[in-house]
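Descriptive analysis of the structure
Here's the letter readout for the chains.
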Amino acid sequence: MKFYKYQGTGNDFVMIDNRNLSFPKENTKLVKQLCDRRFGIGGDGLILLENDEQYDFKMVYYNSDGNESTMCGNGGRCIVAFAHFLDIFEDKTKFDAIDGMHEAEIKNGVVKLKMIDVEKIFADEEDFVLNTGSPHYIKYVDDVENYDVYHNGNKIRNNETYHKEGINVNFVTELPENKLFVRTYERGVEDETFSCGTGVTAAALTFMKKKHLTSVPVKVLGGNLKIYAEEENGTFKNIWLEGPAKQVFIGTIEI
Ligand SMILES: N[C@H](CCC[C@H](N)C(=O)O)C(=O)O
């Protein structure tokens, strides 16, 4: 089987052109093995590109634990770059994903992906909980660079409130000039990833709400992203996640 390895600010994915629907989707063990960094190709997730009746293509996302999951923002940016590489579209596209239709555009390797509207930011004591296509917990800390993301993220993800469905846990530090530094413990990877697209979007929205901003640059371990959004009567609309998405290598593997 032919595969394409992509990464978006260090969040990396095994990408497969499944327009012929030949990939054994029900084989959770295989997906987990393909994402394994020692016994497989390696990746935070695996993404299938499929045909769609209404839109240019369809995205099916699996976490590295092998289970299909909710929306992946960096994966969405990478599948747009992949679809462009396959000549499925010129510069703007619309595709279907588990949380609905997404618009996107690509220019010089930078992808802007429209995210779903966010109607509510919930409070959990002094922290925030919201869904940007995947569920996110946002905790502001003084020095995220030296913070124990794994243990503290794992604790929140598995606590009484969240252990059943799981949640992605983002730790955020404000930088000068209204910039954020975000590190994420990801559900379904069950570890810190170098970047989480739906996570930085969630973190940026909590910051925009507080500071009445319409864009926020975000630093992640794997690079830099930018989020744009407008707030209308408490709902965030026109939310865009922008950043690089790169093809790392192409390969074949026996499955
Ligand atoms: N692990 C997440 C999905 C991928 C999120 C992340 N990779 C992104 O870029 O949004 C979950 O199961 O909720």
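Here the structure is a predicted model, which is why all the values come from computation and not from measurement.

1. Looking at the overall build of the protein chain
- Helix and strand content of the protein chain: four helices and 17 strands.
- On C-alpha atoms alone, the protein chain measures out to a radius of gyration of 17 Å, which is about the 18 Å that the 2.2 N^0.38 rule sets for 255 residues.
- C-alpha atoms of the protein chain, sized along the principal axes, occupy 50 × 35 × 30 Å.
- In the protein chain, buried positions account for 51% of the 255 residues.

2. Thoughts on the nonpolar core
- Grouped together as the largest cluster of nonpolar side chains are 50 residues, with contacts concentrated most on M15, M59 and F95.
- In terms of residue count, the dominant contributor to this core is helix α4 (residues 197-211) (seven residues).
- The two domains that each donate at least three residues to this core are domain 1 (2-115 + 245-252) and domain 2 (122-241).
- Excluding residues within four positions of it along the chain, M15 makes contact with F3, Y4, Y6, I47, C78, I79 and F82.
- Formed by 13 residues, the second largest nonpolar core is a distinct cluster that contains F3, V14, V31 and L46.

3. Thoughts on the packing of aromatic side chains
- According to the stated counting rule, one finds 10 aromatic pairs in the structure shown.
- The interplanar angle of 50° and the centroid separation of 4.7 Å between the aromatic rings of Y4 and F82 together place this pair among those described as tilted. Taken as a pair, Y4 in strand β1 (residues 2-8) and F82 in helix α2 (residues 73-85) lie far apart in primary sequence, 78 residues in all. Note on accessibility: Y4 and F82 belong to one class, buried.
- An angle of 85° between the planes, with centres 6.2 Å apart, marks the rings of F128 and Y140 as edge-to-face. Residue F128 is found in strand β9 (residues 127-131), and its partner Y140 is found in strand β10 (residues 135-140); the two are separated by 12 residues along the sequence.
- A connected cluster of aromatic rings, assembled from ring pairs, spans Y4, Y6, F82 and F85.
- Directly above the ring of F122 sits K120, whose terminal nitrogen or CZ lies 5.3 Å from the centroid.
- The ring of F181 has K219 sitting right over it, with the charged end atom 4.5 Å from the ring centre.

4. A closer look at the environment of H151
- For H151, the location among the structural elements is in helix α3 (residues 149-157).
- Overall, the relative accessible area of 52% leaves H151 in the exposed class.
- Polar side-chain contacts of H151 include one of 2.8 Å to the side chain of D148.

5. Topic: the UniProt feature "active site" (unreviewed entry) in the protein chain
- Look at the UniProt record and you will see "active site" (unreviewed entry) annotated at C72 and C196. A stretch of 125 residues holds the annotated residues, and the largest C-alpha distance among them is 7.8 Å, short enough that they meet in one place.
- On the accessibility criterion, C72 (7% relative accessible area) is buried.
- Setting aside residues no more than four positions away along its own chain, C72 makes contact with N11, F13, M59, Y61 and T198.

6. Re α4
- With 15 residues, α4 should cover 21 Å at 1.5 Å per step; its first-to-last C-alpha distance of 21 Å lies within 8% of that length.
- Along α4, 12 of the 15 residues are buried, which leaves the element largely enclosed by surrounding structure.
- By the burial criterion, the buried members of α4 are G197, T198, G199, V200, T201, A202, A203, A204, L205, T206, F207 and M208.
- Of the residues flanking the end of α4, it is H212, one or two places downstream, whose phi is positive at about 55°.

7. Some points on the pattern of salt bridges
- With the rule as written, the count across this model stands at 16 salt bridges.
- E190 serves as the salt-bridge partner of R157, at 2.8 Å between the closest nitrogen and oxygen. Residue R157 is located in helix α3, and its partner E190 is located in the loop between β12 (179-186) and β13 (191-193); the two are separated by 33 residues in the primary sequence.
- The buried category is assigned to R157, whose relative accessible area is 11%.
- Classification of E190 by relative accessible area gives partly exposed; the value is 28%.
- Through salt bridges that share partners, K5, D12, R37 and D44 make up one connected network.

8. Section: the UniProt feature "binding site: substrate" (unreviewed entry) in the protein chain
- On the UniProt side, "binding site: substrate" (unreviewed entry) is annotated at positions that read N11, N63, G73, N74, N168, E186, R187, G197 and T198 here.
- Assignment of secondary structure puts E186 in strand β12.
- With near-sequence residues (within four places) excluded, G197 lies in contact with N11, G73, N74 and L241.

Rules behind the numbers
- Residues numbered from 1 in each chain as written.
- Predicted model: local features only at pLDDT ≥ 70, side-chain atom pairs only at ≥ 80, totals over all residues.
- Heavy atoms only, no water.
- Helix = DSSP H or I, 4+ residues; strand = E, 2+ residues; numbered from the N terminus.
- Rg over C-alpha atoms; globule rule 2.2 N^0.38 Å.
- Buried < 20%, exposed > 50% of the residue type's maximum accessible area, 1.4 Å probe, protein only.
- Core = buried A, V, L, I, M, F, W, Y, C linked by side-chain atoms within 4.5 Å.
- Domains from an automatic or database assignment.
- Contact = heavy atoms within 4.5 Å.
- Phe/Tyr/Trp six-rings, centres within 6.5 Å; stacked < 30°, edge-to-face > 60°.
- Lys NZ or Arg CZ within 6 Å of the ring centre and 35° of its normal.
- Polar contact = N/O pair within 3.5 Å; in protein donor to acceptor, adjacent residues only side chain to side chain.
- UniProt positions renumbered as here; feature names shortened; annotations may be inferred.
- Expected span 1.5 Å × (residues − 1).
- Salt bridge = Lys/Arg side-chain N within 4 Å of Asp/Glu carboxyl O.

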